[in-house]
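Okay, here's what each chain looks like letter by letter:
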Amino acid sequence: MRLVALGAGESGVGAAILAKKEGYDVFVSDAGTISEKYRTLLTQHDIPFEDGGHTESLVLNADEIVKSPGIPEDAPMVKAVREKGIPIVSEIEFAARYTDAKMICITGSNGKTTTTSWIFHIMKKAGTDVGLAGNIGRSLALQVAEDPHACYVIELSSFQLDDMFDFRADIAVLLNITPDHLDRYNFELQNYVDSKMRITRNQRPSDSFIYWQNDDHVPEELHRHPIGGTPSPFSDAPEDGSKGFIQDGVMRLSAPAEFEMPVADISLIGRHNLRNAMAAAMACLAAGVPASIVREGLADFPGVPHRLEKVCTVGGAFFINDSKATNVDACRVALEAVAAPVILILGGKDKGNDYSAIMDLVKEKCKALVFLGADNSKLQAVFKDCGLPICDTDSISRCVFACCALSRPGDTVLLSPCCASFDLFNGMAERGNLFKEWAHRMKQIADA
């Protein structure tokens, strides 16, 4: 059997190493430049590779392809593979063939990194032999090959779910579905919705399906998609059928086990984080974690970088890094969580966003807008009549300088950009880290 990995990032290289261990003839091909870290790994495992382009004869002789989730379907090599009928699977699908570990899988348009990290935090606290994989953590395939665990907590994007067929989640968590990545789904929301619903594939009655009952899409999609797992819906307040909700300042769960905890004891703020906390608690209880450990983990979880992350105070204004807010709904959630007047930073690589969903909140909460992107023309057109001062920037330093000039003591400078970061940065983490770096520089100047 010959396996070709398209893309030599974390997932492609991990899949290649596992395939080599399992006796495959393996080749890795990347259209870009392979980083030194992954070149070294491939060389150490004696896996042939190429970068700077694809050699068709070395790719199209594969029996199976593992495609990096970042490679779109309209990429020429992907089209060629599809035309030849070679099966394409995700790294997650491939890795799951070689482990019988329990799989706790989380997806959703927003909140999945926080919820995944929260579940992992609680599972570690419970002493579980657990790995973190998918969109965060190390490659699942690489862990299965070299550092196997009894359980994995896996954050799944829609792109990964698209190429998963036989995979089964023991515990599946679907947080929400809001418009995102529509540029990858022919600008058809239903295509994206169908992708998210794939997390329920192959579940059995002994498995758990945890989902937010108040979502605009998930409840109605349950009639279109067969659900094999046992459903455990949660909601913002008591509702028919709900197994978890908030009532009188207390989180109350009736399944998969009885559980109560005062909201005031939960470590993260914001209504969206109460939903994340309910999902995390239900997943961990379904995995057999004692209620006392779940309470401890909900109370002492520190949060994740780049998600409503407090940075510092500059001239009396609070700087918050929400770089992971790469869609409109994530920005909406951030604005709802902040009480102070906001200088809001928007911009990046637009993914077919409809900004009307936050227009009223922007007018209510914001005192100024700062655009950060290589091309801010769409943002300028959308927000030109909102009645707020607007500053256009194309670098993180100019952006932070502008925010400092616009802010006053008691204000909040919020980086919650609604957009992907790849126009100016290598990813949302780089964008967030540079924002933090420049905020701290300005603090040093202000405090001098």
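The rules behind each value
- Residues numbered from 1 in each chain as written.
- Predicted model: local features only at pLDDT ≥ 70, side-chain atom pairs only at ≥ 80, totals over all residues.
- Heavy atoms only, no water.
- Axes fitted to C-alpha atoms, helices over the stretch in contact; angles between N-to-C directions.
- Helix = DSSP H or I, 4+ residues; strand = E, 2+ residues; numbered from the N terminus.
- Parallel < 35°, antiparallel > 145°, perpendicular 65-115°, else oblique.
- Left-handed = near helix turned anticlockwise from the far one by under 90°.
- Contact = heavy atoms within 4.5 Å.
- Pairing = 2+ DSSP bridges.
- Core = buried A, V, L, I, M, F, W, Y, C linked by side-chain atoms within 4.5 Å.
- Buried < 20%, exposed > 50% of the residue type's maximum accessible area, 1.4 Å probe, protein only.
- Expected span 1.5 Å × (residues − 1).

Caption draft 1: Region of the structure containing the packing of helix α16 (residues 396-406) against helix α17 (residues 428-447). Where α16 contacts α17, the axes come no closer than 9 Å and their chain directions differ by 50°. Between α16 and α17, the crossing angle belongs to the class labelled oblique. Considering the relative orientation of α16 and α17, their crossing is right-handed. Along the contact surface, α16 presents Ile396, Ser397, Val400, Phe401 and Cys404, while α17 presents Arg431, Leu434, Phe435, Trp438, Ala439 and Met442.

Caption draft 2: Broad picture of the sheet that holds strand β5 (residues 88-89). Taken together, the 5 strands give an open sheet; going across it, the order is β3-β2-β1-β4-β5, and neighbouring strands pair in parallel fashion. Both edges of this open sheet fall to β3 (49-50) and β5, since each of them pairs with a single strand only. In this sheet, strand β4 (residues 64-67) lies alongside strand β1 (residues 2-6) in parallel orientation, the contact comprising 4 bridges. Each bridged residue has a counterpart across the sheet, and for Ala5 the counterpart in β4 is Val66. Running over the sheet, helix α1 (residues 10-21) touches β1, β2 (25-29) and β4 and is turned about 165° from β2.

Caption draft 3: Just the nonpolar core, in detail. The biggest cluster of nonpolar side chains holds 52 residues, and the ones touching the most others in it are Phe94, Met103, Cys105, Leu140, Ile154, Leu156 and Phe167. Here this core gets 6 residues from one element, more than from any other, and that element is α1. Residues contacting Cys105, with those up to four places away along its chain left out, are Ile154, Leu156, Phe167, Ala169, Ile171, Ala172, Val173 and Ile199. Ranked by size, the runner-up nonpolar core spans 38 residues in total, among them Val153, Phe234, Phe259 and Ala281.

Caption draft 4: How the structure looks around α1. In a regular helix each residue adds 1.5 Å, so 12 residues correspond to 16 Å; α1 covers 17 Å between its end C-alpha atoms and thus fits that length. Along α1, 9 of the 12 residues are buried, which leaves the element largely enclosed by surrounding structure. Ser11, Gly12, Val13, Gly14, Ala15, Ala16, Ile17, Leu18 and Ala19 are the residues of α1 that are buried.

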